[in-house]
Amino acid sequence: MNLTQKTLLAAVFALALPSVHAAEPTTVNGKPIKQSLVDYVLKDATSRGQKIDDNVRAMVLNQMIASELVIQEAQKQGLDKQPDFAAKEELLRRKLLVDTFIENYIRKNPVSEADTKAAYEEYKKQVGDKEYRARHILVQTDAEAKDIIAQLAKGGDFSKLAKEKSKDPGSKDKGGDLDWFSPAGMVKPFSDAATKLQKGLYTTVPVQTQFGWHVIKLDDVRTAQPPAYDKVKEGLQKQIQQRNLDKYLSDLRAKAKITN
């Protein structure tokens, strides 16, 4: 839905419809507004912290009336009979069912505190107890990186070369400075090379990653404290949930008979 469509829809829902407080079912051109739909919207609003009062109930009902008016007019114009409508409707239904399944799976398979704490211990191992400050020069080819190493061996200034040669827009203007990082925060070939360096030295062999070829210089090392358990608990639980869901779906696929 583009901005124009959203604006028009908002205008429809903002129509000055009279407040509705009816004991009998509300109808639009003889078609009743389903109370079950109104109840669901109110229930959903409550779950998100919305306080429900008579004004909110009236607003929800008026929105349902506005949408029903549009639906009836769309049906008069045969828009629900257009070729693509059925496909769009089916795709929306499939997405809704998938989302509902995932919500149900997560609710029925909560992550235990023991699993979360085990993940935290593994996380601490990956993060390590040290942080590194390094700078790098990123180029596209092995030959370019070797040429830079040769210039450094002749006394070239690392920061100056980074500003002149590096393809990394985030660090080149800072002389290649990457600030402090944990090994887990970098791709493995880069972190492996950086953590093996002594302070003040640079890699004498180009380091290849998916981003290109790096020449790395280690500026400093310091002791690091991993984030507290409570700070990362929620994120770890989401990772575990996703991993468990991925395995469940992978098992479903393995058991299924799929033909092309």
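It should be noted that the structure appears before, not after, this text.
Residues numbered from 1 in each chain as written. Predicted model: local features only at pLDDT ≥ 70, side-chain atom pairs only at ≥ 80, totals over all residues. Heavy atoms only, no water.

(A) The overall build of the protein, seen in detail. Of the regular secondary structure elements, the protein holds nine helices and six strands. Relative to the globule expectation of 18 Å for 260 residues, the C-alpha radius of gyration of the protein, 30 Å, shows a markedly less compact shape. If one aligns the C-alpha atoms of the protein with their principal axes, the spans along those axes are about 90 × 50 × 45 Å. Taking as baseline every contact in the protein between residues at least 6 positions apart, the subset at least 24 positions apart corresponds to 68%. Approximately 18500 Å² of the protein is accessible, and the part contributed by carbon and sulfur atoms is 53%. Taking the 42 positively charged and 35 negatively charged side chains of the protein as two groups, their mean positions are separated by 3 Å. (Helix = DSSP H or I, 4+ residues; strand = E, 2+ residues; numbered from the N terminus. Rg over C-alpha atoms; globule rule 2.2 N^0.38 Å. Contact = heavy atoms within 4.5 Å. Areas by Shrake-Rupley, 256 points an atom, 1.4 Å probe, with all protein chains shown as cover. Lys, Arg positive; Asp, Glu negative; His and termini not counted. Charge placed at Lys NZ, Arg CZ, Asp CG, Glu CD.)

(B) The arrangement of helix α5 (residues 113-127) in detail. Between its first and last C-alpha atoms α5 spans 21 Å; for 15 residues at 1.5 Å apiece the expected length is 21 Å, and the two agree. Along α5, the residues classified as buried are T116, A119, Y120 and V127. All buried residues of α5 fall inside an arc of 105 degrees around its axis, so they share one side. Exposed residues on α5 whose side chains face more than 90 degrees from its buried face are A114 and K125. On its buried face, α5 is in contact with β3 (130-139) and α9 (229-255). Where α5 ends, the next residue or the one after it, G128, has phi of about 80 degrees, a positive value. (Expected span 1.5 Å × (residues − 1). Buried < 20%, exposed > 50% of the residue type's maximum accessible area, 1.4 Å probe, protein only. Arc of directions from axis to C-beta.)

(C) View of the sheet that holds β3. Overall, antiparallel pairing links the four strands, which are arranged β4-β3-β6-β5 in an open sheet. Each edge of the sheet is formed by a strand with only one pairing partner; in this case those strands are β4 (177-181) and β5 (207-209). Looking at each pair of strands side by side, their axes are set apart by 40 degrees on average, direction ignored. For β3 and β4, the ladder comprises three bridges, and the chain directions are antiparallel. Bridged to Y132 within β4 is F181. Against the sheet, helix α7 (residues 158-165) contacts β3 and β6 (212-223), and its axis sits at roughly 50 degrees relative to β3. Running over the sheet, helix α8 (residues 188-196) touches β3, β4, β5 and β6 and is turned about 155 degrees from β5. (Pairing = 2+ DSSP bridges. Axes fitted to C-alpha atoms, helices over the stretch in contact; angles between N-to-C directions.)

(D) Region of interest: the nonpolar core. In this structure, I137, V139, A145, I148, I149, L152, F158, L161, A162, W213 and V215 together form the largest nonpolar core, which totals 11 residues. Among the elements of the structure, β3, α6 (142-153), α7 and β6 are those that each provide at least two residues to this core. If one sorts the elements of this core by residue count, α6 sits on top with four residues. Aside from chain neighbours lying at most four places away, what touches W213 is I137, L138, V139, Q140, T141, D142, A145, P206, V207 and Q208. A134, V207, I216 and L218 belong to the second-largest nonpolar core, a separate cluster that totals 10 residues. (Core = buried A, V, L, I, M, F, W, Y, C linked by side-chain atoms within 4.5 Å.)

(E) View of the packing of helix α4 (residues 83-108) against α9. Where α4 contacts α9, the two axes come as close as 11 Å, and the packing angle between them is 115 degrees. Crossing of α4 against α9: the hand is right-handed. Mapping the contact onto sequence places F101, I102, Y105 and I106 in α4 and Q241, N244, L245, Y248 and L249 in α9. When its residues are assigned to classes, the contact of α4 with α9 shows seven nonpolar, two polar and no charged. (Left-handed = near helix turned anticlockwise from the far one by under 90°. Nonpolar A, V, L, I, M, F, W, Y, C, P; charged D, E, K, R; others polar.)

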